[in-house]
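Fold and geometry: a report
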Amino acid sequence: MAGGEKELDEKYRQLDEIIERYGQQEGQLIRILKEAQDIFGYLPEEVQTYIAGKLDLPVSEVNGVVTFYALFHTEPRGKYGINVCLGTACYVQGAQGILDEFRRQLDLHEGDTSADGLFTVKSTRCVGACGLAPVLTVEDEVYGKFRRQDVAKLLRKYRRREVTAGDQRAERPDRYPEETAPGH
């Protein structure tokens, strides 16, 4: 059996444990789907079908939940999710150009993941930091007053994290000093 098949079998074994743990409890479909996504990285049609069969539910019901909630993904996603705000304040300050530059440098389209599997770039609506427009987020980090020419530096920063030894965190680019409380 090839290594990839063994890995896939292990993922389905883990999924079986989750289904066994929560499958008999009412209202646990979202929990099961969330944990399945944690295992597989996303929820492809075959995983949805597998869960539906194990829970004796129509595939359409499982797919309806997956497609309704934004936290679920049916396509592979990059390690780093980049969300460019296209709310009014950000848009007026050039956010569309920033989004276009990410797409150009990573050779992708809306919602796509880079070929190296590191980045998924998408647009989002207001992140609630309009005073810092244009704004984007990478996972839990917020970058304000972002400029199109900052795209390459940001991508390098996250690529450097991939080659940094152990859990040591790479330094932030000079453009983004550590934030401090106002007045400090």
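So, here is what we can say about the structure in this document. (Residues numbered from 1 in each chain as written. Predicted model: local features only at pLDDT ≥ 70, side-chain atom pairs only at ≥ 80, totals over all residues. Heavy atoms only, no water.)

Let's talk about the sheet that holds strand β2 (residues 119-124)
Spatially, four strands are ordered β2-β1-β3-β4 in an open sheet, and the strand pairing comes out mixed. Whereas interior strands pair on both sides, the edge strands pair on one side only; in this sheet they are β2 and β4 (141-143). Mean inter-strand twist for the sheet, computed between neighbouring axes without regard to direction, equals 20°. Sheet analysis places strand β3 (residues 136-138) next to β4, joined by three bridges and oriented antiparallel. Note that in β4 the partner of Thr137 across the bridge is Val142. The strands touched by helix α7 (residues 151-163) within the sheet are β1 (80-85), β2, β3 and β4, with β4 carrying the most contacts at an inclination of about 155°. (Pairing = 2+ DSSP bridges. Helix = DSSP H or I, 4+ residues; strand = E, 2+ residues; numbered from the N terminus. Axes fitted to C-alpha atoms, helices over the stretch in contact; angles between N-to-C directions. Contact = heavy atoms within 4.5 Å.)

What about the state of the cysteines?
Per the stated rule, a full pass over the model turns up zero disulfides. Distance from the sulfur of Cys126, which forms no disulfide, to the nearest cysteine sulfur (Cys130) is 3.7 Å. The exposure class of Cys130 is partly exposed, given its relative accessible area of 44%. (Disulfide = S-S within 2.5 Å. Buried < 20%, exposed > 50% of the residue type's maximum accessible area, 1.4 Å probe, protein only.)

Some details on the nonpolar core
Counting residues in each nonpolar core, the largest one holds 26 residues, and the members touching the most others are Ile82, Phe102 and Leu136. Elements supplying a minimum of two residues to this core: β1, α6 (95-106), β2, β3 and α7. Ranked by residues supplied to this core, first place goes to α6 with five residues. Leaving out residues up to four positions away in the same chain, Ile82 has contacts with Phe102, Phe119, Thr120, Val121, Lys122, Leu136, Thr137, Val138 and Leu155. Counting residues in each nonpolar core, the second largest holds 20 residues, with Ile19, Tyr22, Val65 and Phe72 among its members. (Core = buried A, V, L, I, M, F, W, Y, C linked by side-chain atoms within 4.5 Å.)

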